[in-house]
Structure formats: structure tokens, C-alpha cells
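Survey of secondary and tertiary structure
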Amino acid sequence: ALAYAGGGLDSMFWVKIITYGASAQVLFPQMRFYDAGLNLLSAFTFNAFNASIARIECSNDGESLQVNSVVPITAGSWFCIRAFYDDSDRKVGIQVNNGVVVKSSTAFSAPMPNAVKGNVGIWHFGSGGGSLDEFLADELVCRIGSLFTAAEVAAYYNSAAGRTFP
């Protein structure tokens, strides 16, 4: 069973949007962190909006941060997405196709709270915005408690060929 006790959260995955709906908001993946009473402590979500931006959102004890990618996530192509929360500066970040790392301009006032062992929910998939979206996701990897190194990100991206995580 998983628990979170600081150090950061990192995830990488490949995504291909087949079609965006009229008011699309593709929601994937999402990590949720709960206390012993199963009260939601924080959530970490990746969104793609109408072929224009990819966004990472993170909520923590009444605060919310978000950051947008500099690369549009267009339909019909595969994209390698890295979404993370860096505990050292309390910011969220996104990286597309092993390119520029973009972090939120502001930080949480306090670190994300620790989640009780067994109370981490990972990889909820779906769509929102009242429309049907079709997408594929592949090669999901996640690290709880630290961030991936630059070498690990480059090996995972593998010059756009993808690979299973070493």
C-alpha cells in the first residue's frame, strides 16, 4: 500500500488525443491523497483543453496551483508528458517531449500533507466539460517520494520512440 511522506511526486506517460469534444477537458491521470478518515488532503491532476494547452493542477489544504505547457497537445499525435510536484520549492511542473520544464509561478505556503499508508489513489481516468473525448495513454510510470532524474526522463522519452521505464 502506498503512502506519501514528502519528497515530491513525479509521473510520466504517453498520451494521444484522438478527438476533442466541443468543450473538451480530458482529465488524466489524477493522484488523490487521503488521511486516516478518508478525507481528501490533496489532489494532483493533468488536463488537456481543446488542443491548446496541457495543464497540471494541484490542490493542497485550500490552496490550488496550476501550470500550463508551452507545447500544445494536438489531436492525432503522441506526446510524452511529465507532470510533477517538487517538494523542495513547493511548486508543480510540466514537461512535454523531454523539452523545457515549466513550473508554477507561485508556490504552496506549506508542503503537501502526508497521506496515510494505503490512502493514495492513483490514475483516475475520464473526461469532463460535458463532451465526449477519445484518447489513448501508454507507459505510465509514477514515483512517490522523489523526482525523476534528467537521465531517467531522457531514457523514458527515448528520442520520441518511448520505452519501458528502466
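In what follows, the structure referred to is the one given above.
These figures come from a predicted structure and were not determined experimentally. (Residues numbered from 1 in each chain as written. Predicted model: local features only at pLDDT ≥ 70, side-chain atom pairs only at ≥ 80, totals over all residues. Heavy atoms only, no water.)

Describing the nonpolar core
The tendency in soluble globular proteins is for nonpolar side chains to be buried side by side. For clarity, the threshold we go by: Among buried residues, those of type Ala, Val, Leu, Ile, Met, Phe, Trp, Tyr and Cys that are joined through side-chain atoms within 4.5 Å constitute a nonpolar core. Relative accessibility under 20% of the residue-type maximum defines a buried residue, over 50% an exposed one, and the middle range a partly exposed one, all with a 1.4 Å probe and only protein chains included. Strands here are runs of E lasting at least two residues and helices are runs of H or I lasting at least four, both read from the DSSP assignment and numbered beginning at the N terminus. Whether two residues are in contact is decided by their heavy atoms: any pair within 4.5 Å suffices.
Core analysis: the largest hydrophobic core is formed by 32 residues, its most contacted members being F44, I56, I81, V92 and I94. When residues of this core are traced back to their parent elements, those giving at least two are β1 (9-19), β2 (25-34), β3 (40-49), β4 (53-60), β5 (63-68), β6 (78-86), β7 (91-96) and α1 (150-157). The biggest single contributor to this core is β1, with six residues. For V92, the contacting residues outside a window of four places in its chain are F44, I56, C58, L65, Q66, V67, F84, Y85, V102, K103 and S104.

Side note on empty space enclosed by the protein
Just so we agree on the cut-off: Points on a 1 Å grid, built from protein atoms alone, make a cavity when a 1.4 Å probe fits but cannot get out and make a pocket when they are open with protein on both sides within 12 Å along at least 5 of 7 lines; residues with an atom within 4 Å of a point are the lining residues. Grid points are joined across faces, edges and corners, and a volume is the space filled by probe spheres set on the points. Residues are sorted three ways: Asp, Glu, Lys and Arg are charged, Ala, Val, Leu, Ile, Met, Phe, Trp, Tyr, Cys and Pro are nonpolar, and all the rest, Gly among them, are polar.
Applying the stated rule across the entire model yields one cavity of 30 Å³ or more. For the largest cavity, the calculated volume is near 40 Å³. Taken together, the residues that form the lining of the largest cavity break down as six nonpolar, three polar and no charged.

Details of the pairing of β6
Convention followed: For two strands to be treated as a pair, DSSP must find no fewer than two bridges joining them.
In terms of burial, β6 is a largely internal element, eight of the nine residues being buried. As defined by bridge partners, β6 adjoins β7 across six bridges and the pair is classed as antiparallel. Bridging across to β7, D86 finds its partner in K91.

Things to note about the environment of S109
How we decide: Two N or O atoms count as a polar contact when they lie within 3.5 Å, although within protein this holds only if one can serve as hydrogen donor and the other as acceptor, and sequence-adjacent residues are included solely when both atoms are side-chain atoms.
Along the polypeptide, S109 turns up in the loop between β8 (101-103) and β9 (120-122). As for S109 and R90, which are separated by 19 residues in sequence, their C-alpha atoms are 7.8 Å apart. Sequence-distant contacts of S109, defined by excluding residues within four places in its chain, comprise E63 and R90. Of the polar contacts made by the side chain of S109, one reaches the side chain of E63; its length is 2.8 Å.

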